[in-house]
Structure formats: C-alpha cells, structure tokens
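# Structure assessment
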Amino acid sequence: MTVIDKAVKWAVEIAGDDTHQYNQDVRWGTHYDCSSFVISAYEQAGVPVKTKGATYTGDMKEVFLNCGFKDVTDSINLSDGTGLQIGDVLINENGRGTSGNGHAALVQRNGGITVEARSTAYGIVSDVAYRNYPWDCVLRYPGGSSGAYTANWVEREVPNIGKSLATKAYMAYQSYTNKEADGYSFLWGNNASTASGGLRKYKDFLCMAFGSYYGADGTFFKIEFDDGKTIYAVKADEKKDSETDSLHMYHEHPFDRNVTEFVVDRSIVTGNDKFTSALEAAGISRSARVTRIWTSDTEPTAGGLGTTNSDEKEYHFADTNEKLPIHPRIFAQIPIKPTGDIYVLANGKDISRYVCDISWTNTKQSLATIFNFSVPKADGMKYINMYTPKEGDIFRYSGAKGEYFRGVVTEIDDGDTKVNKYVAVDAGWYLNECTDTYQFVNMRADECLKKICNDLHIPIIQICELSTLITQVYVDKPISDVINDILSKCGNIYNFDFVPEGIRFYKCTDMSAEPKFRISSNTELKDSVKFMGNISHKKSLGGMRNSVKVITDTDVITTLKDKDSIDEYGFLQEVVKINDGEDAETVARRKLDELNQIAESGSGEIIEELDSYTRAGYTIHIGEGHYIIKSSQHSVKNGVHYNKIDLERVII
C-alpha cells in the first residue's frame, strides 16, 4: 500500500467512525479540524508533515512542499476538478488559520471527490462532491498516481521515435458512427461524456485511439509522461494498420508520427488551439513525451486501495535514514602527536613495547583498512604490566610523523599458547557491514555523499567536486556499495578512504605516492620504486571501449568514437544512459577518455620508511607511466616496513 493509499484509507476510516468529530479546540485526535485532519492523514502514512511543523492552513503549503509534495495547481481545472488525483491536498489559505476562513481537504478519488473535516455542522465526512472553495493551491505527493487505479497492469513497449512521443493528435467522436463496433459504447453510451475542455471521456477514463499493437477496443491504458503526469484512458478507436508502422504502434506518413490520439467533441475543439486548451484543462502538457505505457484487459478499480499484480513500484525512501553516529567514539579521540617512533594504543593504553606481528591491508574496492597485530599473553610476561586488548577497544597506530590508523578491535584469536592475535578495522568496516536504503533524485554526487556522511555523523576531511547528477534508488545495500556506485557514476578514477579524523573523497590522480627508504640510518633516502622486487606486468584489450553512445530513456543523444582506435583494434562500444540535466557531450568525452586505453596492470614489493604510508587509491609513477594502487599489503618485520602493491595503469 502506497503512502497516498494509507493517508486516504485512514481518512476514510476516521470519517466513518462517529467517535471522531469536527473540533477546533481538540484537534489532534480524537477530534480534528480541516487542517489537522489532512496533516494527520499524511503524518500517520509516514510523511512527517506534522513533525516538520505543519499546524494549520497558513503554514501547510510550505511544510508540505519541504516534505516532497509538488504544487500542481497549474495543471488542474479548479472550476470542475479535472486533473485532480487521489491523495491531492486542496488548500484555501484565505484567513490563514483555524479561526479564519481557510480550509483544507483531501482528494478521496480521481476527479475531486473529497474526504474532509468540513465544519461543525457537517462533521468529518467522505464522498464529498467537488466544489471550488475556492482553492488557492493543490499539492500532490510524488509517485502517487500509480496508486490511483488498481488493475492487472502489463507494461508495454514504447516506440523509439524521439520527440514524436510528444506529438498528440485528435479525432472527433461524432465521426464514429458504426454502432456495431466495439468502441461505440465508450464514445456514445450512457457513461460517455465530454469534459469541460472538450476531451471525450468514458466514466473518468479519457477516450483515445491506439494502434492494434496495444490491444483491441475496450483496452484500458495507463500512460506516463516525462513531466510526471499520468493519465488513464480507454481505447475507443483503432488506428488503421495501413496507416501505422510495421508493429502498428504509431501513426506513420502521411500523418505526423504519434502514439497518442485523443477523442474530442468537435463542437468544442474546433481547431488546434482549442485542442491545446482541452489538453491543458485536463492537466496534460502539449510538449510532454510519453515515457511508459501499461494496458489492462479489464476495467481498473477506482480508489487504488486494493492490490495490484503490476510489477511497477514506487519508492518513498528519500531521507528516511537513521541519523546515528557510525561509531560513538572513533572520531572523538584526541590526535596523537608525532613521537619520532612507532606508538601503539589500545583503549588508550600504550602497548608499543610489546605489540608484534604488525601488518595491514587496504584496497580501492573494499574501503576498510584491516590491521593485524599480536600481543603476548599476560601470564607469560611476569615483569611487565601489560594491557590485554578486548573486543570493541579503540586501536591506534602512529608512525614517526603522526597517526596513520584508527579503528576498532573486532576479532581476537586466543588459541595460541604464547600470543593473542587481533584484527582491528577502521570506520570503513562499519560501512561495509551496515545496510540502508537511499533514494536520490537529480542530486549532485558530492551532495549525495555529504548526505550519507551527515546521516552517520562522519566528518568529511576532503571531498572533490562531483557534479554528476544521481537519480537512483538503493534498496538494502551496504552503505559502502552505495558510495562506490555513486563514485563509479562519476568515473572510475575516484576513491574514498578513512584517515583517523574522518573520510576523504578524492580523484586518484590528484593523490601521488612517492615512497622512499634508507639502507641504513646514516644513508640518504632512495626511491622505493627503483628497487621494487617480485614484479609482474601484463596488458589486455579486455574492458577497452573506443565508442561511447549516450542515451536517455527514449533517445540516442550523441555518439563519440575514436576512429584510429577502431581501425587498429576493432569496434568496442559502451552505451551510457544519462539523467535529466547531464550534458551528453561531457559524459561521452569523460567516458571515452576513461575507457579508450589498453588495460595494463602489475604488482611488486617495495620497502619504505616506517613513517611512510603508501596506500590504495593513490597514484604512483613508474618509468614513463602512472599507475593507480589497487591494493597495498603492509607489514613491519624487525623494524623494516614492507609493502606489496597491486597496480593498474591510468592515463593522466
């Protein structure tokens, strides 16, 4: 059941229960007045309009809009309610208050039938015939129209005819004179009528003509446009197969290409301008393109409070996330000052003298850094006052120049007779373990990341500009996967990791690693890369792309190719779908630059200073090339810092 269904169902049930009365003094349950009734309906359905400050008709509009509602007043014919959908909120702000002349009502059924706390005389009532109060505004909760009619909706193919999906034709119902035809009763029967603008209707369904691909006359339609408008229609006439495309989906030459053809009353719609006015009266934009079409062989049920076998889903996950710190203590520690030597703390206790078997690993994909260490068993150390780390302890590791790792002890292996072995992880581990659901609609990638971090109280130490627009629903995903996917939509050269003070989001090519080491304490620093050992190296065409096609839901926008690369290696294409607001040329160029290269990878082992930290996500220069470090595996043995790194070539 959708948010809108819940709100309307609750309102109808309250109206049908005589224990609830209209009352302006006791108005937040058991009794209600007009505004508290509508506010409460959506509050209990999961939209926090009351929590966010809605109290009366004077502040409802602002708060409802802040909670995601849209102002659809301009798409509604307020004189007769045409265009109103179940769940719409009607507000008159005149008087602006419970004691003035303002009023609010909730649309119970399409077309304007309302349920409302009407007055002391009427009480709380349902099935109220539409009247223009007059209403100052109509607010609509997004995604609600799919709950307006329940049916066994089957989604159908929409033809790829680009801008012609916005073309809307019309025909006069008076020209339909064959009484034996299946569509006749929808146009001429007792349930047929003409809307005030001039469109012909069967009950509340618009009468339209479609190609035979979409079914016989009498098939019911749900049609969604790219401006968010959804209409419901019945097929009252069929386009001739001889006048449509090979699949019989849309009109072809000599007609303007069109999928949607409306049936009108020619006594009202006398020309193209009048047809535009008729569409506007029904809340339909002449320029809106068809994006999705569903059909049903049976007449849909009005009200949307039943069940449906449709596969379509509507999501209401925006800003529903828990606002809790990812860890209560990890970012609250006082920074460790440089000591000139290795310094290790567990639960604030110095264990530097006896910690051993130190190693740690991080990768570009896994986010979390995993730190391994051992501590001798306390009963074997008679003359040293030792602290034995416990699960949940804050573990900190500092090199000579400052703190490099801060995490939490998550695993203890005490099976060895001489030492306890430990695993500590940084805050990234919690993002791998913790799942949540996020919904972003045309939000910049950097703003999406900021929201996630703000929800979890994670300090952002560094974030690069990420202007890619994200429209995506993530259902029950590890938070680290959500972050990785957002970054991948910006290109594969971005990374994120944790430092002791918080999280960083950066472009890998902006972070350079230059590891060095000394053969002995009295010798000069040397370039670790020049002395790399156990080297492996390979090249591959796998993953290479020399053509990028950029599309929307309905159109091919642009294609960018590297002809020389195609001539040499063959045609390798990637198709990229963009969201509204993204520049197709920029996306194509960025993607081609990223993918149009031979994959080159390798690995090796280096030695670096104890106070050096070459980590995954950084770029390292080797010979004539630049490589992103995909993973780094550190270990400290006998005072020597070893690091095994896996690499991937990147073009800068």
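Residues numbered from 1 in each chain as written. Predicted model: local features only at pLDDT ≥ 70, side-chain atom pairs only at ≥ 80, totals over all residues. Heavy atoms only, no water.

## Observations concerning the pattern of salt bridges
Note the cut-off: Counted as salt bridges are all cases of a side-chain nitrogen of Lys or Arg within 4 Å of a carboxyl oxygen of Asp or Glu. Note on conventions: DSSP H or I runs of at least 4 residues are helices, E runs of at least 2 residues are strands, and numbering of each starts at the N terminus. The classification of residues rests on relative accessible area computed with a 1.4 Å probe and restricted to protein chains. Under 20% of the type maximum is buried, over 50% is exposed, and intermediate values are partly exposed.
Under the criterion given, the structure shown has 29 salt bridges. For lysine 451, the salt bridge goes to aspartate 455, with nearest N and O atoms at 2.9 Å. Placement of the pair is lysine 451 and aspartate 455 together in helix α7 (residues 445–455), with a separation of 4 residues, close to one helical turn. Overall, the relative accessible area of 16% leaves lysine 451 in the buried class. By relative accessible area, which is 4% here, aspartate 455 ends up buried. Glutamate 594 is paired through a salt bridge with lysine 591; the nearest N and O atoms lie 3.9 Å apart. Taken together, the residues glutamate 594 and lysine 591, both in helix α10 (residues 584–595) and 3 residues apart, mark about one turn of the helix. We note that glutamate 594, like lysine 591, is buried.

## A short note on the layout of surface pockets
The cut-off we apply is this: Residues are said to line a cavity or pocket when one of their atoms sits within 4 Å of a point; the points come from a 1 Å grid over protein atoms alone, cavities being sets where a 1.4 Å probe fits but cannot get out and pockets being open sets with protein on both sides within 12 Å along at least five of seven lines. Grid points are joined across faces, edges and corners, and a volume is the space filled by probe spheres set on the points. Ten residue types, Ala, Val, Leu, Ile, Met, Phe, Trp, Tyr, Cys and Pro, are classed as nonpolar, four, Asp, Glu, Lys and Arg, as charged, and the remainder, Gly among them, as polar.
Reported here for the second largest pocket is a volume of approximately 890 Å³. Secondary-structure elements contributing two or more residues to the lining of the second largest pocket are α8 (479–489), β28 (494–499), α10, β37 (599–608), β39 (625–637) and β40 (640–650). Ranked by residue count, the leading element in the lining of the second largest pocket is α10, at 5 residues. Looking at the lining of the second largest pocket residue by residue, the classes come out as 13 nonpolar, 10 polar and 10 charged.

## Side note on the sheet that holds strand β2 (residues 89–92)
The following threshold applies: Two strands are said to pair when DSSP picks up at least two bridges between them. Whether two residues are in contact is decided by their heavy atoms, any of which lying within 4.5 Å being enough. Angles shown run from 0 to 180 degrees and are taken between the N-to-C directions of axes, each axis being a line fitted to C-alpha atoms and, for helices, limited to the stretch in contact.
The 6 strands are arranged β1-β6-β2-β3-β4-β5 in an open sheet whose pairing can be described as antiparallel. In this open sheet, the two edge strands, each paired with only one partner strand, are β1 (70–71) and β5 (123–128). Pairing between β2 and strand β6 (residues 137–140): 3 bridges, direction antiparallel. Bridged to isoleucine 91 within β6 is cysteine 137. Across the sheet, helix α2 (residues 34–44) is in contact with β2, β3 (103–109), β4 (113–119) and β5; its angle to β3 comes to roughly 45°.

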